[in-house]
Amino acid sequence: MNALDFLLKPIRYNKFLAAVEKAKKLYQQPIAPQPQQPNSVFIRVEGEWHNIAIDKISYVNGMKDYVMFYLDNEPKALITHLTMKAVEEMLPKDKFLRIHRSYIVHVDKIKKVDRNDCVYIGNEVIHIPEGYLPAFKSFLETHSF
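Everything quoted here is computed from the prediction, not taken from an experiment.

**Structural notes on the pattern of salt bridges**
- Per the counting criterion, the structure on display carries 7 salt bridges.
- Two residues, Lys-56 and Glu-74, come together in a salt bridge whose shortest N-O distance is 3.6 Å. Note that Lys-56 is positioned in the loop between β2 (48-53) and β3 (57-63) and Glu-74 in the loop between β4 (66-71) and β5 (78-80), a separation of 18 residues in sequence.
- Residue class for Lys-56 comes out partly exposed when judged on its relative accessible area of 35%.
- For Glu-74, a relative accessible area of 39% puts it in the partly exposed group.
- When the shortest N-O distance is used, the salt bridge between Arg-98 and Glu-88 registers 3.0 Å. Taken together, the positions of Arg-98 in strand β6 (residues 96-100) and Glu-88 in helix α2 (residues 84-90) put the pair 10 residues apart, joining distant regions of the chain.
- Given a relative accessible area of 17%, Arg-98 falls into the buried group.
- A relative accessible area of 31% places Glu-88 in the partly exposed class.

Here is what the cut-offs are and how they apply
- Residues numbered from 1 in each chain as written.
- Predicted model: local features only at pLDDT ≥ 70, side-chain atom pairs only at ≥ 80, totals over all residues.
- Heavy atoms only, no water.
- Salt bridge = Lys/Arg side-chain N within 4 Å of Asp/Glu carboxyl O.
- Helix = DSSP H or I, 4+ residues; strand = E, 2+ residues; numbered from the N terminus.
- Buried < 20%, exposed > 50% of the residue type's maximum accessible area, 1.4 Å probe, protein only.

Take a look at the structure:
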């Protein structure tokens with residue numbers, strides 16, 4: 001029944017007030033704040049830990065057990081020993097989308113998508129394979145006019 005309290009007849013006013021206060025306390029409890037997404041991540045590159053701002057990441061390219069992070073205005077990628085699955089879990093899902101077995105892109109950095117389902121990001125052109133198209137098309141539908 002999910003009862004908070006009960007009152008017996010004849011109802012006494014002080015018992016009624018106590019039950020009302022009990023209900024108010026329960027329903028006015030503040031909602032627990034959601035944990036905030038981090039603004040940066042640490043990745044290990046050649047034995048050193050680099051603090052990378054999440055908004056600087058353009059896209060991530062995976063090659064077996066290594067991952068290359070391509071950053072805005074950086075000529076070289078940062079290469080680290082990780083899997084794409086680990087990177088996908090680490091990056092915020094509202095900002096990053098896996099569009100290929102080997103690519104995760106920052107959705108705000110996508111320049112355009114052509115009719116051949118190719119994504120243009122940075123200097124890279126990435127073709128989206130059939131297996132990743134439904135999720136990408138769904139993303140496009142929710143983020144377009």
